[in-house]
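Below are the chains, spelled out letter by letter.
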Amino acid sequence: MRSDVTIIGGGPAGLATALSLESLGLSVTVLERAPQAALAEPAFDGREIALTHHSVSLLRDAGAWARIPSVGISPLREARVETGRHNHPLTFDTNGQGVEALGYLVSNHLIRRALYEEAVSRPGIVLRAGVATRRVRDDGDGVTVLAEGGDVMSRLAIAADGRFSEIRRLQGIGAIVHDFHRSMLVCRMAHESPHHHVATQWFDDGQTIALLPVNGGASSLVLTLPPDRIEVLRTMERERFNEEIMARVGNRLGAMRLVSSRHVYPLRAVYAHRFTARRFALIGDAAVGMHPITAHGFNLGLKGQGILAQEIAAGMARDGDPGSAAVLRRFSMRHRLTTAPLFAATNGIATLYTRDESPFRYLRRAGLRAADSLAPFKAAVTNMLIDRGKTA
Ligand SMILES: Cc1cc2nc3c(=O)[nH]c(=O)nc-3n(C[C@H](O)[C@H](O)[C@H](O)COP(=O)(O)OP(=O)(O)OC[C@H]3O[C@@H](n4cnc5c(N)ncnc54)[C@H](O)[C@@H]3O)c2cc1C
């Protein structure tokens, strides 16, 4: 089998890349390990993805945004960051920004479903699900992806197989892995008092909690603790779980009740040593797997595939080759410039807010107070949250 580009991994980054490249007139094969049913009707996985304005416009251009039901899109009007009992909140809002929301929260499974529906409607995309990919072979002027049920020959192979990418490893590309020794529990909680579309991130000694406003009188609970304590909470009987969460949240939203399944993610951030090899590129979490605290992961994945599509379009205009060394060199340089500072800053913030030794406690209290009084800092963060679409 032949196609211009082969993408390994049909997650949100892989599918978004397939749509962008098909729009350039390229034929694309997507190989996904999970079965077709899991792609067509992905199950709720607890993740509520905070999308920037730029990401929304990329999803709109890709044809996926219109496929997300409006009830599944929750505007984020304000974000508050607090430190436990020493309460001096740092607030970010849309005042003076000329937009109705800082960003939009959408469940990951709805994003995946919308991208899948759009991908299967495109004549230039072949999606093979339930396929195990063995490896990628460099053939000089092309590349072959060796896969169950038939190999695929292309001019470029792209791995979008997630942060613990097996294909990245098989290509001999190492990665920086930052283990925070914490896990994150995510689930939906219905509550008595309205959230007014305000997100609250709350750093207390020993725990980090975020409450993200979703539609239907509910919030997404995002709780970070050491893995053994998270496991106790994941399996705890529902009534006890509700009581435990209300105690941790401190009665901010009245009575709370678990209304979804509970999901746990170990917190490990990953940054690939290289984003490319000959006729090969990494995209999405396979290139940069962020700590979720700053909500950049998928936003950066979308940005990365946008940069790659721009460089491939330029390469096609130059010499008709979507996988040339020049295309990959420029993509790699631009994606590194876009992601490296955010990766370092996010890891710094995550470390500051998950360590309980006294210098870290003092720094976070002092930090929030100082940050709230610094108008340029707040404006810069608000602009970063809104992100109207500047790329490196
Ligand atoms: C709790 C949590 C909250 C988050 N919140 C946000 C947020 O607010 N904003 C934000 O921007 N990001 C957020 N993220 C990050 C976001 O979820 C990820 O960046 C995004 O899902 C990555 O997509 P991906 O397609 O790169 O990888 P994945 O979603 O991991 O998809 C990889 C795909 O590849 C397939 N695959 C794996 N191996 C193979 C193989 N060998 N062959 C074929 N297929 C394979 C898998 O089955 C899967 O379908 C959050 C993450 C977590 C955990």
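Just above, that's the structure.
Please read all numbers here as calculations on a predicted model, not as lab measurements.

Undergrad: Residue-level account of unusual backbone geometry, with values.
TA: One non-glycine residue with positive phi stands out, namely H181, at about 55 degrees. Tracing the backbone through its elements, the reader meets H181 in strand β13 (residues 175-191). For H181, a relative accessible area of 55% translates into the label exposed.

Undergrad: Report on the site of the ligand, specifying residues and quantitative values.
TA: Close to the ligand lie 27 residues, the nearest being E32, R47, A50, D285 and F298. Here an oxygen atom of the ligand sits 2.7 Å away from a polar atom, N or O, in the side chain of R47. Among the elements of the structure, α1 (12-23), β2 (28-32), β3 (48-51) and α8 (297-319) are those that each provide at least two residues to the shell around the ligand. Residues belonging to the shell around the ligand are distributed by class as follows: 12 nonpolar, eight polar and seven charged.

Undergrad: Could you give me a rundown of the sheet that holds strand β7 (residues 103-107), with the residues and numbers involved?
TA: Hydrogen bonding along the main chain pairs the strands of a sheet, whether they run parallel or antiparallel. Read across the sheet, three strands follow the order β3-β7-β4 without closing on themselves; strand pairing throughout is antiparallel. Taken across any chain shown, the strands that pair with only one partner, and hence form the sheet edges, are β3 and β4 (73-76). Averaged over all pairs of adjacent strands, the angle between strand axes in this sheet comes to 30 degrees, irrespective of strand direction. With four bridges joining them, β4 and β7 adopt antiparallel strand pairing. Looking at the pairing, L76 lines up with G103 of β7. Strands β3 and β7 of the sheet are contacted by helix α4 (residues 108-121), whose axis makes an angle of about 85 degrees with β7.

Undergrad: Tell me about the packing of α1 against α8, and please be specific about residues and values.
TA: In the contact formed by α1 and α8, the axes pass within 9 Å of each other and the chain directions differ by 30 degrees. With respect to α8, the element α1 is oriented roughly parallel. The hand of the α1/α8 crossing is right-handed. Residue-level contacts link P12, A13, A16, T17, S20 and L21 of α1 to F298, L302, Q305, L308, A309 and I312 of α8.

Conventions adopted
Residues numbered from 1 in each chain as written. Predicted model: local features only at pLDDT ≥ 70, side-chain atom pairs only at ≥ 80, totals over all residues. Heavy atoms only, no water. Helix = DSSP H or I, 4+ residues; strand = E, 2+ residues; numbered from the N terminus. Buried < 20%, exposed > 50% of the residue type's maximum accessible area, 1.4 Å probe, protein only. Near = heavy atom within 4 Å. Polar contact = N/O pair within 3.5 Å; in protein donor to acceptor, adjacent residues only side chain to side chain. Nonpolar A, V, L, I, M, F, W, Y, C, P; charged D, E, K, R; others polar. Pairing = 2+ DSSP bridges. Axes fitted to C-alpha atoms, helices over the stretch in contact; angles between N-to-C directions. Contact = heavy atoms within 4.5 Å. Parallel < 35°, antiparallel > 145°, perpendicular 65-115°, else oblique. Left-handed = near helix turned anticlockwise from the far one by under 90°.

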